[in-house]
Amino acid sequence: MKNIAPAIFPQNGIGDTKPTNQEVLDWVHEIGKLTKPENIFWCDGSERENEFLIAESLKQNVLIKLNEKRVPRSCLHRSNPNDVARVEKVTFICTPTKEEAGPTNNWSEPAETYSKLYGLLNGAMRGRTMFVVPYIMGPPDSPLTKVGFEITDSKYVVLSMRIMTRMGKIALNRLGNDPKAEWNRGVHSLLDVDPDRRFICHFPQDNTIISVGSGYGGNVLLSKKCFALRIGSYLARKQGWMAEHMLILGVESPEGKKHYVAAAFPSACGKTNFAMLIPPAHFDGWKVTTVGDDIAWMEIRDGRLFAVNPENGYFGVVPGTSYKSNPNAMKSIEHDTLYTNVALTDDGDVWWEGKDGSPPKHAIDWRGNDWTPDLKEKAAHPNSRFATPMRNNPALDPDVEKGEGVPISAIIFGGRRGDTVPLVYEAFDWTHGVYLGATMASETTAAAAGAVGKVRRDPMAMLPFCGYNIGDYFRHWIDIGKRLTSPPLIFNVNWFRKGANGKFLWPGFGENMRVLKWIIDRCEQNGGAVKSPVGWLPTPHDLDLDGLDVDHTSVAELLGIDHEEWQKELAAHKTFFDSLGGVVPEELQEQCEALVARFKE
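Along every chain, residues carry numbers that run from 1 in the direction the sequence is written. In keeping with the predicted nature of the model, local features appear solely for residues at pLDDT of at least 70, side-chain atom pairs appear and are counted solely at 80 or more, and the whole-chain, interface and lining totals rest on all residues. Side-chain calculation: all heavy atoms of the structure are included, whereas hydrogens and water are not.

S.K.: How should I be thinking about the sheet that holds strand 20 (residues 343-345) in this particular structure?
M.R.: Backbone-to-backbone hydrogen bonds pair the strands of a sheet. The strands run either parallel or antiparallel. A pair of strands counts as paired when DSSP detects no fewer than two bridges linking them. For helices the rule is a DSSP run of H or I covering at least 4 residues; for strands it is a run of E covering at least 2, with both sets numbered from the N terminus onward. Within the open sheet, the four strands sit side by side as 21-20-22-23. Their pairing is antiparallel. In this open sheet, the two edge strands, each paired with only one partner strand, are strand 21 (350-351) and strand 23 (370-371). As judged from the two bridges shared by strand 20 and strand 22 (residues 363-364), these two strands associate in the antiparallel manner. Across the sheet, residue L344 finds its bridge partner in strand 22, namely I364.

S.K.: Is there a simple way to explain the nonpolar core in this structure?
M.R.: Note that soluble globular proteins tend to have their nonpolar side chains buried in a common cluster. If you look at the biggest cluster of nonpolar residues, it comprises 146 residues, and the most contacted ones within it are L305, Y339, I408, I411, F413 and W477. Per-element accounting of this core gives the leading share, eight residues, to helix 8 (residues 223-239). Contacts are residue-level and defined by heavy atoms, with any inter-residue pair within 4.5 Å sufficient. Sequence-distant contacts of Y339, that is, excluding residues within four places in its chain, are made with L66, V71, C75, L76, H77, I333, V350, W352, R385 and F386. Judged by nonpolar contacts, the second largest core, of 36 residues, contains A275, W495, L505 and V550. The set of buried Ala, Val, Leu, Ile, Met, Phe, Trp, Tyr and Cys residues whose side-chain atoms join them within 4.5 Å is what this entry labels a nonpolar core. Categorising residues by exposure relies on relative accessible area from a 1.4 Å probe, with only protein chains included: less than 20% of the type maximum marks a residue as buried, more than 50% marks it as exposed, and the intermediate range marks it as partly exposed.

S.K.: Explain the packing of helix 11 (residues 430-439) against helix 12 (residues 470-483) to me, please; I cannot follow it from the model alone.
M.R.: Helix-helix packing: each pair is described by the crossing angle between the helix axes and the interaxial distance. The angle between two axes is taken between their N-to-C directions and runs from 0 to 180 degrees, where each axis is a line fitted to C-alpha atoms and a helix contributes only its stretch in contact. Orientation of helix 11 relative to helix 12, taken along the N-to-C sense of each, is 155 degrees, at an axis distance of 9 Å. In terms of orientation, helix 11 lies roughly antiparallel with respect to helix 12. Pair helix 11 / helix 12 crosses with right-handed handedness. In this structure, helix 11 uses W430, V434 and A438 to contact helix 12, whose residues at the interface are F474, W477, I478, I480 and G481. Along the lines of polarity and charge, the residues of the contact of helix 11 with helix 12 split into seven nonpolar, one polar and no charged. Working definition: roughly parallel below 35 degrees, roughly antiparallel above 145 degrees, roughly perpendicular at 65 to 115 degrees, and oblique for all remaining angles. A crossing counts as left-handed when the near helix is turned anticlockwise from the far one by less than a right angle, and as right-handed when that turn is clockwise. Residue classes follow a fixed rule: Ala, Val, Leu, Ile, Met, Phe, Trp, Tyr, Cys and Pro count as nonpolar, while Asp, Glu, Lys and Arg count as charged, and any other residue, Gly among them, counts as polar.

S.K.: I would appreciate a short explanation of the pattern of salt bridges in the present structure.
M.R.: What counts as a salt bridge is simple: a side-chain nitrogen of Lys or Arg found within 4 Å of a carboxyl oxygen of Asp or Glu. Scanning the entire structure with this criterion turns up 33 salt bridges. Here K224 ties to E311 by a salt bridge, and the two come within 3.0 Å at their closest N and O atoms. With a gap of 87 residues between them, K224 in helix 8 and E311 in the loop between strand 17 (304-308) and strand 18 (313-317) connect regions that are remote in the sequence. Taken as a pair, K224 and E311 share a single burial class, namely buried. Salt bridges sharing partners connect three or more residues here, namely K224, K225, K271, D294 and E311.

What follows is the structure, encoded as C-alpha cells:
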C-alpha cells in the first residue's frame, strides 16, 4: 500500500521540544510502541517549525502553494474525495453504560472499542512521522483553559492545529509536572483513509479521543468538536460550567454601551457571518466585534454567565463567503490561510461558488480535475473550508484574551427554517428559553454527511456534539438557570423563512443588525414586544426597519404565527421528546404542555 504520509526528518533544534511531565512522556511512549512510527516529532509551535513543516508538505504534495501576491503565505489542501465532512454515523461516545451516552449518541463499550482501535493503530505509522502536538484551549490565563495533546501522522493536522489552538510551549508550561494534572489525550492516524476503517471515538471518563481513517478537519482536529464540545460538555457538567456550540459577539452602541451575545446555530447556518457582522450604514456608530465564531465555554460568576472562546482561529465554510455576505471573513482569509477543497485558478488564486466576481474561465476543481463554468459539478466542495488565525479578523474583540471572559446579556438559538418559525422572538423566562433550545430544528446542510434539506431537531445546535445523555444535558441547563441571579435573556431567530414564491423574506447578512438591535433593546428593558403563544414578538414598529427594502407584507409574514403550521410543529416537539425515551426533564415536558395550552387560548 502506498504510504500517504511519508516520514520527514528535521534538523537539530526542530521537533525535539519534549515535555517534562512524565505522564505525557509515558503515554507518548506507549502510543509509539503501538503505532511504530519512523520517528517522533515534538511540536513547539515556533515559526521555524511551521516553515519547515510547510516546506515538507509542499514537497510531498500535501499542500499546494498559492500565489504569493494574491493570497500571501497561504496554501491549499485537498482531502480524499471520500473524506469531506464530519461523519456522525461513525462518531461514538464510549461510556461504561449505554444510558450515559443517551439516545442521541452512537454508543460503544469502552474496552471493546479500545481493543478494536488499538488493532487498527497497530503499526499504522510505519514509515511515517508521529507528531506530538501540545495545545491549550482558552485564553492563557483563564481558569476555564484546558490542556490537550494530539498525536497524529498528518502534517495537515499539525499545521491546522497551529492555527486553531494556542499550540506548543504555552501548553507545556500550563501543564507543568504534576502527575495528577488534567489533560486530554488525543490520538489520530490517517491509516489509509478508508471509510470502512473510519472511527471517531470519545472516552469521556478517560478524557481521551481516538480518531482513525479520516483526514478531514472536524474528524481530526481533535481540539475542536471532539475536545471543546464532546469531551468539554462532559467535563462542564461534572465541573459546573458550560461548553456550547455558540458564537460570541460584542455589540457596542454609539454611546459606548456594550453587550455580549452568545448564539447557537447548527453548522453552515450563518454563525461565522453573524459573529463577524458589519452593521449597515443606517446603524452608523454601532460596532460589532467577534469573540468567537463557533464555541463558547461559559462559567457562572457573580450570578452571571461569563464566556471565553477556547479557540485561536476560525475553521469556516467557504462557499457563499464574499465581500457582500461577510467582508470581515474575506479580509481574514486574504493571507496566512489554509484552504481545504476549494478550486485553484490558473494564476494560483482560490475560487469557490459565491465568491465575488465572475467565475474563472478555467480552474482545477477540489478533486484536482479541470473545471469550466459550463460543467454541472461544483468547483469547490459545498463543505470546503478555511482555517485562519483569529488575529486576521479586523473586527476581533479587544477582550478576546480576557481570562475571566465576557459577560453574556443574551443567548440566541436559531436554525434554517423555510416556514413556521418567526424572524425573532424572546422566551418568557430561562426555563422557557431552555425549551426553545431543546426543540430547535434546522434543515440539514453539507457540513455533515447525509441528506441535505431535511428538518431535524438539533437541541442547542448540540445534537452531534453533546458528549453524554441529552436528558442530563437539558437538566444541566435547567440547573445552571437556578444558579443565575442575572440570567441572559433567551431568543430564537430564523433568517431563512421563505415566501410563497420560495424566496427568502429577510435579506440577512448585515441587516441582521436590525434584529440584534431589538435583542439589545430588550436586554436594556426598553424594546417593545407583544405576547404570543411562542414568546415575546416584536411588532414591525419595534424593529428598526428604516431604509430597508422589504415590504410590509413580507415583514408581517416574517413575524407571523400560522396556527396550522404550529400545530404540526407542536406535534413534532412531542414526537422528538417521545423519541428520547423518557430522559426529558419534567420541566421541559411542562413547557410543552403550556405551549399547547397557549395556542388553545
